[in-house]
Protein chains: 2
Amino acid sequence: MKQALSDTEIRIIAAAERIFLLKGLDGARMQDIADEASINKAMLHYYFRNKQQLFDIILDDKISKVFDVFQVWAQPHLNFEQKLRKFVEEEINLIKSFPILPLFIMLEARKNPDLIPTKLKNFPIQDVKATFQNIIQTDIDKGNIRPVKMEEIILNTMSLCVYPIIAAPLFQYTFKVDNSAYLDYLEARKQLVPDMILRDLNYKTPQN
Amino acid sequence: MKQALSDTEIRIIAAAERIFLLKGLDGARMQDIADEASINKAMLHYYFRNKQQLFDIILDDKISKVFDVFQVWAQPHLNFEQKLRKFVEEEINLIKSFPILPLFIMLEARKNPDLIPTKLKNFPIQDVKATFQNIIQTDIDKGNIRPVKMEEIILNTMSLCVYPIIAAPLFQYTFKVDNSAYLDYLEARKQLVPDMILRDLNYKTPQN
DNA sequence: GTCTATAGGCGGATAGAC
DNA sequence: GTCTATCCGCCTATAGAC
């Protein structure tokens, strides 16, 4: 039975989230987190034994949110195009709300190669892959999309969703676009990206 | 007049590159770099005043290489397709050689909003943009590609080149691909990515 | 539970001999 | 230029009063 979190614990976790996502594990200072939570350093250690444990709580939560987005592919009653559009929309929404998340995960993953296997081992990745493979194989067989590997679709789609968000500061500077215009553009990409993917797959609306 | 680098300086820079690429700024230890260069810690400080300066040398060098890749668009005697293919090839080669670079720049850019303007202010970005705009406008007018904004092409192309490299650890784990097979796949993307972009632009080989 | 004070060690930087 | 020894500040973590 999971104990309800106290008000202080909630404040600490929220503070840790902001600091870790901004500074990374090495860059974050326990003092920063304490200040952000308006408590003193010793209290952090009282509630969470050490820095690593606090970090793991934040990271685990974020990774599960990333994983959740893939559940779209398991939804029945939607065809390939509908699932793709929903996936792109949710992916863009998620990364928009935490633009640092992918940077953070990828940076930490390169420092510690065990991180990804350790963190992902409890998620039923094989199930999601099987579901996805099943969906596209059906559409390939029906001639709705050209023969293609699922890795290709996922990687291209993720690239087109995620990169424009993490690279926003660079593109805003280069193309002299202000924040609000760039956010509008990211909204527009919820259409542009699936359109591009479907076009690449030579997608034909199924005749059911 | 730029002094030629001594053998030791070259070894230090090569070592620093490898360590910073692996661990990031905060995660890298001066001792790691010294070991990698087979010298002692004091020598690092003799040649480069401090850690930050050593890092900046690596970073500035890499940023100028990023910019160099865009010079492809200014090469005469190549048509749009040839320039695009060359750009993709060089971009993938570059990011492969320093995968942490986009991650670091983007993370630092969010911590310090002045970083991008400061690092990029000496590059003639406007010239490259004008050149690029000119090229695609010509092809649009000739009917070789559909009407499209240059921002769109650049952002999509960069996304498809860069993201698969920075997210490599995640995809290698998810799809059970080993390092060498993934490197092969990135090579294959030097074809796949321009193919996809050209397809999206409804590209027709010019009739010259 | 909350705080202050401090231990303890890591890691960047330097002094100074050769 | 190269090395050893060492300094010293920063930062995590804990002891212990209240």
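Notes on the structure follow.

Right, let's talk about helix H6 (residues 100-111) of chain B for a bit. An α-helical turn contains 3.6 residues, so a residue and the one three or four places further along point in the same direction. All names here are of chain B. The end-to-end C-alpha distance of H6, which contains 12 residues, comes to 16 Å, matching closely the 16 Å that a straight helix rising 1.5 Å per residue would cover. Of all 12 residues making up H6, 10 are buried, and the element is well covered by its neighbours. Along H6, the residues that are buried comprise Ile100, Leu101, Pro102, Leu103, Phe104, Ile105, Met106, Leu107, Glu108 and Ala109.

Evaluated as defined, the whole model comprises 27 salt bridges over all chains. Glu81 of chain B is the salt-bridge partner of Arg85 of chain B, the closest N and O atoms lying 3.0 Å from each other. Of the two residues, Arg85 of chain B and Glu81 of chain B are both situated in helix H5 (residues 80-97); the distance of four residues between them amounts to about one turn of the helix. Beyond isolated ion pairs, a larger network of salt bridges with shared partners links Glu17, Asp61, Lys62 and Lys65 of chain A.

This part is about the environment of Phe70 of chain A. Residues and elements named next belong to chain A. As for its placement among the helices and strands, Phe70 is situated in the loop between helix H4 (51-69) and helix H5 (80-97). Of the residues examined, Phe70 reaches a relative accessible area of 16% and is grouped as buried. Counting along the chain gives 17 residues from Phe70 to Phe87, while the straight-line C-alpha distance between them is 7.0 Å. Setting aside its immediate chain neighbours within four residues, Phe70 contacts Phe87, Val128, Ile154 and Met158.

Tallied over the full model, the rule gives 24 aromatic pairs over all chains. Relative to Phe87 of chain A, the ring of Trp73 of chain A has its centre 5.7 Å away and its plane inclined at 45 degrees; by these criteria the two rings are tilted. Taken together, the residues Trp73 of chain A in the loop between H4 and H5 and Phe87 of chain A in helix H5 connect sequence positions 14 residues apart. The same class applies to Trp73 of chain A as to Phe87 of chain A, namely buried. Each member of the aromatic cluster is reached from another via a ring pair, and the members are Phe70, Trp73, Phe80, Phe87, Phe132 and Tyr203 of chain A. The ring of Tyr173 of chain A carries Lys176 of chain A above its face, with NZ or CZ at 4.5 Å from the centroid. Over the face of the ring belonging to Phe98 of chain B we find Lys62 of chain B, whose NZ or CZ atom lies 5.0 Å from the ring centre.

Our next topic: the packing of H5 of chain B against helix H9 (residues 150-166) of chain B. All names here are of chain B. In contact at an axis separation of 9 Å, H5 and H9 are set at 35 degrees when each is read in the N-to-C sense. In this structure, H5 crosses over H9, and the sense of that crossing is right-handed. Contacts between H5 and H9 involve Phe80, Leu84, Phe87, Val88, Glu91, Ile92, Ile95 and Lys96 from the first element and Ile153, Thr157, Met158, Cys161, Val162 and Ile165 from the second. Looking at the contact of H5 with H9, its residues break down into 11 nonpolar, one polar and two charged.

Turning to the relation of the copies chain B and chain A, a few remarks are in order. If you rotate chain B by 178 degrees and push it 0.1 Å along the axis, it lands on chain A with an RMSD of 1.3 Å. What the rotation and shift describe, once combined, is the action of a two-fold rotation axis. A symmetric contact is evident, with 98% of the interface residues of chain B recurring at the interface of chain A.

Within the structure, DNA strand C sits among 13 residues, and Asn40, Met43 and Tyr47 of chain A together with Met30 and Lys51 of chain B are positioned closest to it. Note that a phosphate oxygen of DNA strand C is positioned 2.9 Å from one of the side-chain N or O atoms of Asn40 of chain A. At a separation of 2.9 Å, a phosphate oxygen of DNA strand C approaches a polar backbone atom of Lys51 of chain B. Listing elements by their share of the surface near DNA strand C, those giving two or more residues are helix H3 (41-47) of chain A together with helix H3 (41-47) of chain B.

Let's shift gears to the protein's contact with DNA strand D. Within the structure, DNA strand D sits among 14 residues, and Lys41 and Lys51 of chain A together with Asn40, Met43 and Tyr47 of chain B are positioned closest to it. A breakdown of the atoms of DNA strand D within 4 Å of the protein gives sugar and phosphate a share of 61%. Between DNA strand D and the protein, one listed contact pairs a phosphate oxygen with a side-chain N or O atom of Arg29 of chain A at 3.1 Å. Take Lys41 of chain A: an N or O atom from its side chain is 3.3 Å from a base nitrogen of DNA strand D. Those elements that place two or more of their residues in the surface near DNA strand D are H3 of chain A together with H3 of chain B.

Structurally, Arg189 of chain B is set in helix H11 (residues 179-200). Summary of buried charges: Arg189 of chain B has no salt-bridge partner, and the nearest side chain of opposite charge, Glu152 of chain A, is 4.7 Å away. Here Asn156 of chain A takes part through its side chain, which lies 2.8 Å from a polar atom of the side chain of Arg189 of chain B. The residues touching Arg189 of chain B, leaving out its near neighbours within four places in the chain, are Leu155 and Asn156 of chain A together with Val88, Ile92, Leu160, Pro164 and Pro194 of chain B.

Parameters and conventions
Residues numbered from 1 in each chain as written. Chains lettered and ligands numbered in written order. Predicted model: local features only at pLDDT ≥ 70, side-chain atom pairs only at ≥ 80, totals over all residues. Heavy atoms only, no water. Helix = DSSP H or I, 4+ residues; strand = E, 2+ residues; numbered from the N terminus. Expected span 1.5 Å × (residues − 1). Buried < 20%, exposed > 50% of the residue type's maximum accessible area, 1.4 Å probe, protein only. Salt bridge = Lys/Arg side-chain N within 4 Å of Asp/Glu carboxyl O. Contact = heavy atoms within 4.5 Å. Phe/Tyr/Trp six-rings, centres within 6.5 Å; stacked < 30°, edge-to-face > 60°. Lys NZ or Arg CZ within 6 Å of the ring centre and 35° of its normal. Axes fitted to C-alpha atoms, helices over the stretch in contact; angles between N-to-C directions. Left-handed = near helix turned anticlockwise from the far one by under 90°. Nonpolar A, V, L, I, M, F, W, Y, C, P; charged D, E, K, R; others polar. Least-squares fit on C-alpha atoms with pLDDT ≥ 70 in both. Near = heavy atom within 4 Å. Polar contact = N/O pair within 3.5 Å; in protein donor to acceptor, adjacent residues only side chain to side chain. Lys, Arg positive; Asp, Glu negative; His and termini not counted.

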